[in-house]
Amino acid sequence: MLDEFFVYLQSFYTCQIGAGRLRSHWRGHNIYVRIVFSKMRSFPGQDLVQKFSGALFWRLVPRGRNASSSKPDIKICIQCPGSVQNLSEVALYCKQTPELMLHARCCLNWKGTILGLDLQNCSLKDPGPYFPQAHTAIIIDLQANPLQGDLANTFHGFTQLQTLILPQDVNCPGGINAWDTVTFYINNQTCQEQRKLCNSTGDSEMCPENGSCAPGGPGLLQCVCAEGFHGYKCMRQGSFSLLMFFGILGSTTLSISILLWGTQRRKAKAS
């Protein structure tokens, strides 16, 4: 039955679209269905077809044996009720590429990776504990939220972020020097294009000899040890010795336990 439907669907798109291609990816018991529009002219009902391709991906074919697991379990996407606003920047970004699809408050690729997150008007004082799940996002909208505190550490690891929309009274993480463009509007501000601070610091001693500078998010840097080095300032060479580490940890714990046991035993005899 399913194979017959695929044949019918393929013939339908071949007749109606011509340039559309139907691809099915088989991985074990999982079926991923994507409709890729390459070099395709605009035609009536294009938006409907793109929405239908997204519906096919998440709803038409269950993944694995349990159909209830056909949607990704990404808690940040459902942290705020509702869905992405039709005219929001995240929605516009997601609709530019047919392979992307909207799911709750997120824009996902076919692998389920978050590329866009729309949490505007969610009454958030902070992005919440699940916010790191969106570290792969390219665009994030947090406007119309009563955000409090400094957001610099909140975006640690968000190295792919290129567009961030915030309330007007909230500073861009890392400050204006961490972004190429900061634009102020009546109700919000937009931080665009993270700067590559590793190339602009001019501090050759920022990272040790056996390490290299790497971006860590807006206004954040990190030093990554070269292969074969680890530890403080990447000064230790060779692989990390787990046996030595757990040996020292175990002997220290045992010594403290014996000391505490002896102290309590003396107190018990004295009483």
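The structure we're discussing is the one just above.
Rules of the game
- Residues numbered from 1 in each chain as written.
- Predicted model: local features only at pLDDT ≥ 70, side-chain atom pairs only at ≥ 80, totals over all residues.
- Heavy atoms only, no water.
- Helix = DSSP H or I, 4+ residues; strand = E, 2+ residues; numbered from the N terminus.
- Buried < 20%, exposed > 50% of the residue type's maximum accessible area, 1.4 Å probe, protein only.
- Contact = heavy atoms within 4.5 Å.
- Areas by Shrake-Rupley, 256 points an atom, 1.4 Å probe, with all protein chains shown as cover.
- Pairing = 2+ DSSP bridges.
- Axes fitted to C-alpha atoms, helices over the stretch in contact; angles between N-to-C directions.
- Phe/Tyr/Trp six-rings, centres within 6.5 Å; stacked < 30°, edge-to-face > 60°.
- Disulfide = S-S within 2.5 Å.
- Salt bridge = Lys/Arg side-chain N within 4 Å of Asp/Glu carboxyl O.

**Student:** What should I look at first to understand the overall build of the protein chain in this one?
**Tutor:** Of the regular secondary structure elements, the protein chain holds four helices and 13 strands. Sorting the 271 residues of the protein chain into buried and exposed places 35% on the buried side. Pairs at least 24 apart in sequence give 38% of the contacts found in the protein chain among residues at least 6 apart. For the protein chain, the accessible area works out to roughly 17400 Å², and carbon and sulfur atoms hold 54% of it.

**Student:** Mind showing me how you'd approach the sheet that holds strand 9 (residues 188-194) here?
**Tutor:** Either a parallel or an antiparallel arrangement is found when strands of a sheet pair, and the pairing is made through backbone hydrogen bonds. Reading across the sheet, the seven strands line up as 3-4-5-6-7-9-8 and stay open at both edges, with mixed pairing between neighbours. The strands lining the two open edges of the sheet, one partner per strand, are strand 3 (101-103) and strand 8 (179-184). The sheet shows a mean angle of 20 degrees between the axes of neighbouring strands, taken without regard to direction. As defined by bridge partners, strand 7 (residues 163-167) adjoins strand 9 across five bridges and the pair is classed as antiparallel. The residue bridging I165 from the neighbouring strand is T190, located in strand 9.

**Student:** Help me understand the packing of aromatic side chains, please; the structure alone is not making it clear to me.
**Tutor:** Enumeration according to the criterion identifies three aromatic pairs in this entry. A ring pair is formed by F131 and F155, whose centres lie 5.3 Å apart and whose planes are at 85 degrees; its orientation type is edge-to-face. In this pair, F131 sits in the loop between strand 5 (114-118) and strand 6 (139-141) while F155 sits in the loop between strand 6 and strand 7, placing the two residues 24 residues apart along the sequence. You can call F131 buried: its relative accessible area is 1%.

**Student:** Hey, could you run me through the pairing of strand 9 in this one?
**Tutor:** Residues in a regular strand project their side chains so that they alternate between the two faces of the sheet. Of all seven residues that make up strand 9, five are buried, and the element is covered over most of its length. The pairing of strand 8 with strand 9 spans five bridges and is antiparallel. Residue pairing across strands places T181 opposite Q192, the latter belonging to strand 9. Hairpin connection between strand 8 and strand 9: a loop of three residues separates the two successive antiparallel strands.

**Student:** Before we go on, may I ask you to explain the state of the cysteines in this structure?
**Tutor:** Should the sulfur atoms of two cysteines be covalently bonded, the bond is a disulfide. Scanning the model with the defined rule gives seven disulfides in all. Put simply, C80 and C122 are joined by a disulfide, and their sulfur atoms are 2.1 Å apart. Taking the torsion about the S-S bond as the criterion, the C80 to C122 disulfide, at about -100 degrees, is left-handed. Linking C80 in the loop between helix 2 (46-60) and helix 3 (89-95) with C122 in the loop between strand 5 and strand 6, this pair joins segments that are 42 residues apart in sequence. Grouping residues by exposure puts C80 and C122 together as buried.

**Student:** So what exactly am I meant to see when it comes to the environment of I139 here?
**Tutor:** Its place among the elements puts I139 in strand 6. Expressed as a C-alpha distance, the spacing of I139 and C94, which sit 45 residues apart in the sequence, is 9.8 Å.

**Student:** What is the right way to look at the pattern of salt bridges in this model?
**Tutor:** When charged atoms on two side chains of opposite charge get close, those side chains can pair. Enumeration over the complete set of coordinates arrives at one salt bridge. Here R195 and D180 are joined by a salt bridge, their closest N and O atoms 3.2 Å apart. Within this pair, whereas R195 is found in the loop between strand 9 and strand 10 (211-217), its partner D180 is found in strand 8, the two being separated by 15 residues in sequence. Using a relative accessible area of 46% as the deciding quantity, one classes D180 as partly exposed.

**Student:** Which parts of the structure should I look at to understand the pairing of strand 7?
**Tutor:** For strand 7, a buried count of five out of five residues is recorded, marking the element as mostly surrounded by other parts of the structure. Direction of pairing for strand 6 relative to strand 7: parallel, over a ladder of three bridges. The residue of strand 7 that forms the bridge with D141 is I165.

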